[in-house]
Every structure is written in structure tokens, then in C-alpha cells.
Amino acid sequence: MTHSSKDKYLDSLLEAHATRLGPAFADPSGYRVEIYYTRIDRDARNRPRLTEYHWPEAPSSYFYPASTVKLPAALLALETLNGLGIPRDAVMLTDSLPGISPATLTDTSHPSGKPSAEHYIKKIFMVSDNDAFNRFYELLGQEGFNTALHKKGYPAARIVHRLSMPLPPEANRQTNGARFFLPGAATPLYIQQPRHYKGPVPGTPFVEPEKAGNAHYAGDSLVNAPFDFSMKNRMLLGDLHHILQSIIFPETVTSRQRFRLTEDDYRFLYRYMSKLPTESGPADPKYDTTEFHRNYTKYLMGGADSSVRLPQGLRIFNKSGWAYGFLTDVAYFADFDAKIEFLLSARIYTNSDGIIGDDTYDYETIGKPFLRELGTIIYETELKRERKYKPDFQRYQN
């Protein structure tokens, strides 16, 4: 169902637009650029045939996945709840873990004032909420999170810490208990006990040193040495690209790679992976749309730029991430009006001063413009490409 192309089509396409892609294309190793592009051709029965391109052939070095790890977290949380027979809209109360993580018993962004997995997923995809990810990290546990990804064919995955909570590795091995209630019920539907993973660091060893920069901050002190990411989260871009493929086109992956989701789960995911903060409805979290503007999480083609206006019929189903100078976006593009579609994932490292932790990165001058132009180039190319059969997008329109 998926054909990995060895021809140089993507290389030639990028070369033809080198000027638009800026310095990152001229030095892909220095900027740690990597791109996955999947062309989609439908047959007479609307079945997709996928042709995957990868550039460059041997991408350089480790990259930090940042918030893109929220994509598998949301999928595994849904899968876990389905296995336990818990509705995704059940009230989810997270207990405290003394000295590590406080309890989460309320959610003022929910109409009921109570948190739920469903509402966390909305926040993950609409604005990339870190607290929502942390609740799923605690729900899954460090061992459960990684074991599930490894079993699905992603052995390099290493998810070992919460986000925006600086904790030592031992603290991140411990995860909170949780209680689930049907709305309005006083008796728990399910109680999860706290967990403490004592096994080896998850994930297969990386072939290269997992380092970036030439200096980094440790607290307030500048250390003149690269930052070591070997105890940080890790996801390969190709794995993220294929996880997205498994959600958009579950019929194109093996049974092992599929997430155990219901048809209603898929439609829920499609709705919120493409929903913008400016489209928040009565049951959704509300956001200040000056900060959380329409392109807030749309890097490919949107450039995370509020002034960019995307084509009216275009919906982008994606998960992006940004931290330590690394920018990543993993996306499915579907233009319901123009009848075109493709998968595109890319990452770039933008840190010209070489210092990790100084919050001085080249996101605005190099990273976001590169991702904006890359998405636009592929979109423009797909607009011109002849298709024997136009896609039927009914599955994704809800």
C-alpha cells in the first residue's frame, strides 16, 4: 500500500526552489533538515496508493521532538481508555505525587469544570497544551508509553519526561494515580494506582551522539560544551510520519501498527487535529485568539504566522513542536475544494549562536520561513499534478 521511492523527484523539486527555501536547503546537515513527503493517488474505489519520498538520503544527527510526542500520547490514551471500557469524556481526576506532580482535579476550560481525556486531546491539537500531555504521560506510565510504541514498530521511541516540568530522571519514572468517573457519578468507574518504572532507559541506542549546540545553560551557569539530549525524549521523524499515516489511512499499515480506536475516535481526531483556536465552539476550550491565532500550530505552509491566509478549502491535520531551536511539523494536507491531498513532515534546527537554553533561536528568520515555503512548494506542485481519480474527503469532513 506504501511505496518508498528511490528516485530523485523530491531532490529535484527542492533544488528547483532552492532560493525560496533559504540557507537551510543549502546546508541541510548544519540545520539538521529532514523531510518526508508522501504522494497520494486514489483508485476508482477511493483506496489510497502512497508513494513516499525522503530527503536527504542520510539526515544528520539527533533532533528533539518537542511537542510532536503529544501525537502518540493522545492516540495511546484513547487506545488505553478503549481497552478499559472508559468513555473518552469520562471525568479524569489525576492524584498528586508528593514532591513531583500536583493533583489535577479541575479544568476551568471545560464547561463542567472537570477534566477529561477528550478535553485534553482538544487542547493538545488546538494549542499544543503541555499540561494535557503530562496527564497522558502519567496515565500511560513511562513503561507503558514506551512499550506500546515499541510493539507498534517504533523501537527508537524514548519518552522519558513530562513537558515544561524540570524534574530529575528518577522523578519522571514515577507517575500519578488517577480516577475516572462517569459524568455526575460519585463512584469511580476505574482507579489507576501510581506507578514507578525501574527498568532500563527505553528505546534502542542511537548510532550518533545525541547532542546539539556548542554550549548550554545549566541553571544560571553557561557550560562550554554541547547539550546532551540522551536523557530527553526521542522520536524519529519517519516514525512520526508513519504514525500520522496510520491515523489518516489506517488501511495502509499493518494490524500491529494500527491504534485500537473506534470510528468515532477517528472522526473526533480528524476534527481536532485540523481545528483552529479561532474555531473554538461552545464545548471547546476558549483561547485569546491574539496569541493563539489561526496558524498558531500550523508551521508547514502556515509559517505559524497570523498574517498568512491559507486557501479556504484547505484543512491541515497536524502536530507541530518547537523547543531548543528545533522546529518540527507532521501534517496531512487535504484541500476539499481543489481535491488535492498529501502527507508532509519536516524538521529543522535553528540555533546560530550555538547556545542551548538561552531562548535565542532563529525560529522567525530561518525556521518558520523554511517550513512555510516548503509546505507552499509542495502544495503548489500538488495543485498542478494530474490525478486519474479525485479523492473523496467525506471521511475527514465533520
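Placed above this text is the structure.
Residues numbered from 1 in each chain as written. Predicted model: local features only at pLDDT ≥ 70, side-chain atom pairs only at ≥ 80, totals over all residues. Heavy atoms only, no water.

### So, the overall build of the protein chain
- Of the regular secondary structure elements, the protein chain holds eleven helices and 16 strands.
- Expected size for 398 residues packed as a compact globule is a radius of gyration near 21 Å; at 21 Å, the protein chain falls within 12% of this value.
- Across its three principal directions, the C-alpha atoms of the protein chain cover 60 × 55 × 40 Å.
- When burial is assessed residue by residue, the protein chain has 56% of its 398 residues classed as buried.
- Across the protein chain, the fraction of contacts at a sequence separation of at least 24, relative to all contacts at a separation of at least 6, is 67%.
- Computing the positive centroid from 48 side-chain charges and the negative centroid from 47, the protein chain places the two 5 Å apart. (Helix = DSSP H or I, 4+ residues; strand = E, 2+ residues; numbered from the N terminus. Rg over C-alpha atoms; globule rule 2.2 N^0.38 Å. Buried < 20%, exposed > 50% of the residue type's maximum accessible area, 1.4 Å probe, protein only. Contact = heavy atoms within 4.5 Å. Lys, Arg positive; Asp, Glu negative; His and termini not counted. Charge placed at Lys NZ, Arg CZ, Asp CG, Glu CD.)

### Points about the layout of surface pockets
- Taken as a whole, the largest pocket holds about 720 Å³ of empty space.
- Taken together, 32 residues form the lining of the largest pocket, with Tyr 64, His 161, Ser 164, Lys 232 and Tyr 324 sitting closest to its centre.
- Contributions of two or more residues to the lining of the largest pocket are made by helix H8 (169-172), strand E12 (227-228) and strand E13 (314-323). (1 Å grid on protein atoms, 1.4 Å probe; cavity = no way out; pocket = protein on both sides within 12 Å on 5 of 7 lines; lining within 4 Å. Points joined across faces, edges and corners; volume = space filled by probe spheres on them.)

### Some remarks on the pairing of strand E6 (residues 178-181)
- Across four bridges, the pairing between strand E4 (residues 91-94) and E6 is antiparallel. Across the sheet, residue Leu 93 finds its bridge partner in E6, namely Arg 179.
- As judged from the three bridges shared by E6 and strand E7 (residues 190-192), these two strands associate in the antiparallel manner. For Ala 178, the partnering residue across the bridge sits in E7 and is Gln 192. (Pairing = 2+ DSSP bridges.)

### Things to note about the sheet that holds E4
- Taking strand neighbours across the sheet as the criterion, the three strands line up as E4-E6-E7 in an open arrangement whose pairing is antiparallel. Only two strands of the sheet have a single neighbouring strand rather than two, namely E4 and E7. Direction aside, neighbouring strands of the sheet carry axes that sit 15° apart on average. (Axes fitted to C-alpha atoms, helices over the stretch in contact; angles between N-to-C directions.)

### Topic: the pattern of salt bridges
- This model, assessed by the stated rule, comprises 26 salt bridges.
- Taking the shortest distance from any N to any O, the salt bridge between Glu 79 and Lys 152 comes out at 2.9 Å. Of the two residues, Glu 79 is situated in helix H4 (residues 70-84) and Lys 152 in the loop between helix H7 (142-151) and H8; the sequence distance between them amounts to 73 residues. Grouping residues by exposure puts Glu 79 and Lys 152 together as buried. (Salt bridge = Lys/Arg side-chain N within 4 Å of Asp/Glu carboxyl O.)

### Overview of the packing of aromatic side chains
- Under the counting rule described, the total for this entry stands at 31 aromatic pairs.
- Taken together, the ring pairs connect Tyr 62, Tyr 64, Phe 227, Phe 229, Tyr 324, Phe 326 and Tyr 349 into an aromatic cluster.
- Sitting above the plane of the Tyr 9 ring, Arg 39 keeps its charged end 5.1 Å from the centroid.
- One Lys or Arg, Arg 395, reaches over the ring of Tyr 266 and ends 5.1 Å from the middle of that ring. (Phe/Tyr/Trp six-rings, centres within 6.5 Å; stacked < 30°, edge-to-face > 60°. Lys NZ or Arg CZ within 6 Å of the ring centre and 35° of its normal.)

### Notes on the side chain of Thr 94
- Among the structural elements, Thr 94 can be located in strand E4.
- Beyond its immediate chain neighbours, meaning those up to four positions away, Thr 94 contacts Ala 103, Thr 104, Leu 105, Arg 135, Glu 138, Asn 176, Gly 177 and Ala 178.

### So, the packing of helix H6 (residues 130-140) against H7
- Running from N to C, H6 and H7 cross one another at 85°; their axes reach a closest spacing of 5 Å. In terms of axis orientation, H6 runs roughly perpendicular to H7. When H6 is examined against H7, the residues Phe 133, Tyr 137 and Leu 140 are found in contact with a partner set consisting of Gln 142, Gly 144 and Phe 145.
- Residues belonging to the contact of H6 with H7 are distributed by class as follows: four nonpolar, two polar and no charged. (Parallel < 35°, antiparallel > 145°, perpendicular 65-115°, else oblique. Nonpolar A, V, L, I, M, F, W, Y, C, P; charged D, E, K, R; others polar.)

### Topic: the sheet that holds strand E16 (residues 355-356)
- Strand order in the open sheet formed by three strands is E11-E10-E16, and the pairing between neighbours is mixed. Looking at the sheet topology across the chains shown, the edges are occupied by strand E11 (221-223) and E16.
- Summarising the sheet, strand E10 (residues 215-218) and E11 pair through three bridges and their orientation is antiparallel. Counterpart to Ala 218 in the pairing with E11 is Ser 221.

### Structural notes on the environment of Tyr 9
- With respect to the element layout, Tyr 9 can be found in helix H1 (residues 9-16).
- You can call Tyr 9 partly exposed: its relative accessible area is 26%.
- Separated by 77 residues in the primary sequence, Tyr 9 and Ile 86 place their C-alpha atoms 46 Å from one another.
- Ignoring sequence-local partners within four residues, the contact set of Tyr 9 consists of Tyr 37, Arg 39, Tyr 53 and Thr 381.

### Concerning the environment of Arg 260
- By the secondary structure assignment, Arg 260 is in the loop between helix H9 (237-248) and helix H10 (263-274).
- A sequence separation of 181 residues divides Arg 260 from Glu 79, and the C-alpha atoms of the two residues are 5.2 Å apart.
- Apart from residues no more than four positions distant in its own chain, Arg 260 is found in contact with Glu 79, Asn 82 and Ser 255.
- Within polar-contact distance, the side chain of Arg 260 engages the backbone oxygen of Arg 258 at 3.0 Å. (Polar contact = N/O pair within 3.5 Å; in protein donor to acceptor, adjacent residues only side chain to side chain.)

### A closer look at H7
- For H7, every residue scored as buried is listed here: Gln 142, Phe 145, Asn 146 and Leu 149. When H7 is viewed along its axis, its buried side chains cluster within an angular range of 85° and face the same direction.
- Tucked into the core, H7 has its buried residues touching H4, H6, H8, strand E5 (174-175) and H9.
- Just downstream of H7 lies Gly 153, where phi reads positive at about 100°. (Arc of directions from axis to C-beta.)

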